[in-house]
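# Per-entry structural report
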Amino acid sequence: SPPERYDPELPPLPDDIDDDEDSVKIIRLVKNKEPLGATISRDEQTGAILIARIMRGGAADRSGLIHVGDELKEVNGIPVDDKKPEEIIRILAQSQGAITFKVVPGLKEDATTKEPKVYMKALFDYDPMDDKAIPCKEAGLAFKKGDILQIMSQDDATWWQAKHEGDANPRAGLIPSKQFQERRFALRRSVTTLPSLRSSTRRASGFRRSFRLSRKDKKTNKSMYECKKSELYDMADVPTYEEVTAYRRQSGAKHRLVVLVGPTGIGMNELKRKLLISDPQHFSVTIPHTTRAKKNQENDGVEYHFIAKHLFETDIHNNKFIEYGEYKGNYYGTSLDSVRSVLSKHKVCLLDVQPHTIKHLRTAEFKPFVVFVKPPSIERLRETRKNAKIISGKDDKGTAKPFTEDDFQEMVRTAQIMETQYGHLFEKVIVNDDLSTAFSELRLALKKVETENHWVPVSWTHS
Ligand SMILES: Nc1ncnc2c1ncn2[C@@H]1O[C@H](COP(=O)(O)OP(=O)(O)OP(=O)(O)O)[C@@H](O)[C@H]1O
């Protein structure tokens, strides 16, 4: 049967309806300490004060009574037509308890938006209090590099709304959009000069000890390992946000590649060695390639893969190497296939690389877990490394020498530059102060990578 209609019969609308009077809504909100969660702006054309933005989950949003586009007429009986937005904000900030608004409703917003599930990893530090561009500092959300943000709204091209992942407080805050941040970051970069990691590591770094070689060429005092890819390219990458998703490795699935980075001499080999000893069935390292002649006691595919120079060069051209370099006329390198070989044995592959290499490894195949091994304070370095030796590379045999004050300073300096330039790629930072503490921390972190949820780029889970 057709539904009965209970609507009352309405009289016809009068012809002389007064828009201004009839469409006005009086809204009463009780405001405690919490901000209202709305921003206002003046319409350039009409001069009207409009609700510019409603913060998701804020007081205004939860009331459901105020909407973007509503025109504000009065606050607590005070007309706002002749007021500057700053003055109105001051009135709002000062009032406590019930606030009365008189508004002319704008066009209704689409109310079907449900809570969005977009997560971004912040790749930079942000403090709205230092941001001259933000329309309202109090509405801003501060965050640190590495924080996971749930993006609540991307409606505005310049200011997104976000909250910290897992934060029970439903109130969102304003953050600069990716596009906006990229634009102004690029502008800022063009006027400041970043310290170059390349020149700083030229002296100290060279071959990783993974290649079991000393680091410096004695005669030229030059890095044996020259970056083949321009680091200028890195400067063009603007770290803003990266869309991420929770990923948990399925038991039985291949392990994520464990990548260690840090200044030379910080103890990456030591940490790798300890991991290998702690569980040789579980952890493994890659076998490097070399074009040097095999020594008698060596076996092909054990210490090195021994290959001919022209084959090595072909492999270079075919992008088979993660890193490679030349030392005394011979090539040494770590191939992608040597990593694959470890992973396909269902072992955890421990790899230390130069930081600019990380981005080439960040693929769905390897899902690298990047650990930055960081030096403690220079005082602690002096204390803890009192009896330690470093392969100085000052002589051909690469004999171990005690650390010098220069070594410590170089380590701290390089670490700072690495963190500034590549910090957004580090998922775990381990300060190698006391070695056994650092080792336990690393082992725990690697255990968690195998069993717990971690945020990874969405692109890694699509394939
Ligand atoms: N926390 C620590 N306390 C004391 N000594 C340490 C600590 N960590 C590492 N060392 C010592 O410092 C020296 C250098 O460490 P290691 O060879 O592991 O450095 P590395 O980072 O692998 O350097 P590279 O690969 O560039 O040669 C070693 O003698 C090591 O035993």
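Model, not experiment: these values are computed from the prediction.

### Observations regarding the packing of helix 7 (residues 268-278) against helix 13 (residues 435-451)
Where helix 7 contacts helix 13, the two axes come as close as 10 Å, and the packing angle between them is 65°. Pair helix 7 / helix 13 crosses with right-handed handedness. Here Glu270, Leu271, Lys274, Leu275 and Ser278 of helix 7 come into contact with helix 13, specifically with Leu435, Ala438, Phe439, Leu442, Arg443 and Leu446. Taken together, the residues of the contact of helix 7 with helix 13 sort by class into seven nonpolar, one polar and three charged.

### Digging into helix 3 (residues 85-94)
The α-helix advances 3.6 residues per turn, and as a result positions three or four apart in sequence lie on the same side. The complete set of buried residues in helix 3 reads Pro85, Ile88, Ile91 and Leu92. An end-on view of helix 3 places all buried positions within 120° of arc, on one side of the element. Those residues of helix 3 that are exposed and aimed more than 90 degrees away from the buried face are Ala93 and Gln94. Those residues of helix 3 that are buried lie in contact with strand 1 (25-31), strand 2 (38-42), strand 3 (49-54), strand 4 (71-75), strand 5 (78-79) and strand 6 (97-104).

### Some words on the domain arrangement of the chain
Segmentation of the chain into domains returns domain 1 (25-104), domain 2 (118-185) and domain 3 (249-453). Distance from the C-alpha centre of domain 1 to the C-alpha centre of domain 2: 22 Å. Every contact between the two is made by nine residues of domain 1 and, on the other side, 14 residues of domain 2. The contact between domain 1 and domain 2 buries some 950 Å² in all, and 55% of this surface belongs to carbon and sulfur atoms. It is Arg53, Met55 and Arg56 in domain 1 that bury the most area against domain 2; as a group they hold 64% of the surface buried on that side. Our count for the contact surface shared by domain 1 and domain 2 stands at two salt bridges. Asp156 is the salt-bridge partner of Arg53, the closest N and O atoms lying 2.8 Å from each other. Here domain 1 and domain 2 share five residue pairs in polar contact (both at pLDDT 80 or more) between them.

### Let's talk about the pattern of salt bridges
In total, this model carries 18 salt bridges according to the counting rule given. A salt bridge links Lys83 to Asp82; the nearest nitrogen and oxygen atoms lie 3.9 Å apart. By relative accessible area, which is 18% here, Lys83 ends up buried. Two residues, Asp352 and Lys272, come together in a salt bridge whose shortest N-O distance is 2.5 Å. In this pair, Asp352 is assigned in strand 18 (residues 348-352) and Lys272 in helix 7, connecting sequence segments 80 residues apart. Each of the salt bridges in this network shares a partner with another, and the network as a whole consists of Asp337, Arg340 and Glu365.

Procedures and definitions
Residues numbered from 1 in each chain as written. Predicted model: local features only at pLDDT ≥ 70, side-chain atom pairs only at ≥ 80, totals over all residues. Heavy atoms only, no water. Axes fitted to C-alpha atoms, helices over the stretch in contact; angles between N-to-C directions. Helix = DSSP H or I, 4+ residues; strand = E, 2+ residues; numbered from the N terminus. Left-handed = near helix turned anticlockwise from the far one by under 90°. Contact = heavy atoms within 4.5 Å. Nonpolar A, V, L, I, M, F, W, Y, C, P; charged D, E, K, R; others polar. Buried < 20%, exposed > 50% of the residue type's maximum accessible area, 1.4 Å probe, protein only. Arc of directions from axis to C-beta. Domains from an automatic or database assignment. Buried area = accessible area lost by both parts, 1.4 Å probe. Salt bridge = Lys/Arg side-chain N within 4 Å of Asp/Glu carboxyl O. Polar contact = N/O pair within 3.5 Å; in protein donor to acceptor, adjacent residues only side chain to side chain.

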